[in-house]
Amino acid sequence: MFIQDEDTIVALATASGVGAISVIRISGEKSIELVDEVFSGKIKLVDAHTHTIHYGKIIDSKNELIDDVLVSVFKAPHSYTGENSIEISSHGSSLIVKKIIERLIEVGARLAEPGEFTKRAFLNGRIDLAQAEAVADIINSRTEASLRGARNQLDGLLSQKVNFLRNSLINSSSLIELELDFAEEDLEFVSLNKVMNQLQEIEFEIDKLISTYNFGRIIKDGINVALVGKPNVGKSSLLNYLLKEKRAIVSEIPGTTRDIIREEVNIDGILFTLYDTAGIRETEDVIEKEGVNRSVETIKNSDVVIFLNDVQSGFSNKLFEKLKTYTNEDRIIKVVNKIDLDPNTKINCEVKISAKTGEGIDTLFKVLKEKAIGSETYSEKSAIVSNIRHLDALKRAKQFLENAKESIKEKLSGEFIAVDLRNAESALGEIIGRVTSDDILNNIFMKFCIGK
Ligand code: GDP
Ligand code: ZN
């Protein structure tokens, strides 16, 4: 399969703004001829070997110098997109970049859409859809763990697993189709039994993939933590301790944190986003009321809740009961703060900390991570699902498998079973983009940046 788009596309591949150099990317069947029209060097780029770099000048329509540049030549199919491609490294001025891109448009290129280079790589069969999505994840990743996860997906770990399952399904359905061709009446009991066992195994593997989603999502997007507690227990102080900067307001007057303050910390390669809520107590103050609603939203959307108490006011049962109406109890960590004031406190809690001295805070994060991810660990080389689109496809595949199993149990005609198996296979195929509508593709690549 080799689909060549007629258009030559161009975009700035490096971040816009001032930098030492900028890289402009051009791709398309005629991209090399096109760059030759604006480039003056020792040789014509069409005569250059693939994967070679050439020094020269980019010249405008009046034959004046725009910039001296280095040009890398990639010839189809040995390029990122699978098409002829060029990368121009120019000086990092945004004016130069603008002029070069305008010049390339003058001679026939057009501006690339977001993610269009990667979309072409997908359409040309260089990578599958799950791998293309991993490219976006790599660009967006901010922690070591998320980078590793995306890297594995780009390397094809998930795709291989999905393909293995698809092949197993194709095997099972051909067993049935074979029977259909030969059997005059009912399918033979033995082969149905065999298919049933195969389907059970496939379903087991699909379930295993589905069960990695929570882990995968958290590795990719991080852990959302709501900080809840009565005024003055030290929510802002805890946040400040973590961030080692004074952005949250620390005050002796209760109730000064009216807005939800959101901060991100990277601890052991995992991103924690902490939300300091205004508290969920009843209040007459309109602004505070608004804050309270937002607090409830925040609590509902978070993976874990730190329920903060302090040694002075003790464990707040009333607030705890209320908190449990908004979130599952096993997501709540009972924490007591200010143990520097009373190291032997008998207050009922899971973790004791001091936002002043930092005592217990490492433990707190270990517990946070355990609550969010669970004790399940995955090897570096396991296929992990981190994308909701993939999860959805897996769930649909599982449903079709269930239907097929049901049909077998009810001794329905083999055609019914075969149809369900084919549907299950095609649901799995969506993950890697075997069957994908334009809408889905556009939706995926729209989220990329321009130049990727
Ligand atoms: P919030 O209303 O829950 O955000 O509480 P704050 O963070 O504003 O803290 C209230 C008061 O408790 C401030 O005076 C803090 O300095 C003090 N405080 C917070 N954490 C500790 C702690 O661990 N030890 C001590 N001794 N004081 C603390
Ligand atoms: Zn506060």
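Residues numbered from 1 in each chain as written. Chains lettered and ligands numbered in written order. Predicted model: local features only at pLDDT ≥ 70, side-chain atom pairs only at ≥ 80, totals over all residues. Heavy atoms only, no water.

Looking at an unreviewed UniProt entry, one finds the chain named tRNA modification GTPase MnmE and attributed to Stygiobacter electus. Entered under Subunit (unreviewed entry) in the UniProt record, the comment concerning the chain runs "Homodimer. Heterotetramer of two MnmE and two MnmG subunits." (UniProt positions renumbered as here; feature names shortened; annotations may be inferred.)

A. Expanded view of the sheet that holds strand 13 (residues 351–352). Spatial ordering of the open sheet is given by 9-10-8-11-12-13, a layout of six strands whose pairing is mixed. At either end of the open sheet lies a strand with only one pairing partner, and these are strand 9 (261–267) and strand 13. Pairing geometry for strand 12 (residues 332–337) and strand 13, over two bridges, is parallel. Bridge assignment links Val336 to a residue of strand 13, and that residue is Lys352. Where helix 9 (residues 235–243) meets the sheet, it contacts strand 8 (223–229), strand 9, strand 10 (270–276) and strand 11 (304–310), and its direction lies at approximately 40° from that of strand 9. (Pairing = 2+ DSSP bridges. Helix = DSSP H or I, 4+ residues; strand = E, 2+ residues; numbered from the N terminus. Contact = heavy atoms within 4.5 Å. Axes fitted to C-alpha atoms, helices over the stretch in contact; angles between N-to-C directions.)

B. Structural view of helix 15 (residues 438–446). For helix 15, every residue scored as buried is listed here: Leu441, Ile444 and Phe445. Along the axis of helix 15, the buried positions cluster into a sector of 90°, meaning they face one direction only. For helix 15, the exposed residues set more than 90 degrees away from the buried face come down to Asp439 and Met446. Among the structural elements, helix 3 (116–123), helix 4 (129–140) and helix 13 (388–409) are those in contact with the buried residues of helix 15. (Buried < 20%, exposed > 50% of the residue type's maximum accessible area, 1.4 Å probe, protein only. Arc of directions from axis to C-beta.)

C. Representation of the sheet that holds strand 5 (residues 65–74) within the structure. Here we have seven strands laid out as an open sheet, ordered 3-4-5-6-2-1-7, and mixed in their pairing. Looking at which strands have only one partner, the edges of the open sheet turn out to be strand 3 (39–41) and strand 7 (110–111).

D. Fine view of helix 8 (residues 213–221). Those residues of helix 8 that fall on the buried side of the exposure criterion are Tyr213, Phe215, Gly216, Ile218 and Ile219. Just past helix 8, the residue Gly222 takes up positive phi, approximately 90°.

E. Expanded view of the pattern of salt bridges. Tallied over the entire structure, the rule returns 27 salt bridges. In this structure, Glu264 and Arg142 form a salt bridge, with 2.8 Å as the shortest nitrogen-oxygen distance. One end of the pair, Glu264, is in strand 9; the other, Arg142, is in the loop between helix 4 and helix 5 (144–154), with 122 residues separating them in the sequence. Classification of Glu264 by relative accessible area gives partly exposed; the value is 28%. (Salt bridge = Lys/Arg side-chain N within 4 Å of Asp/Glu carboxyl O.)

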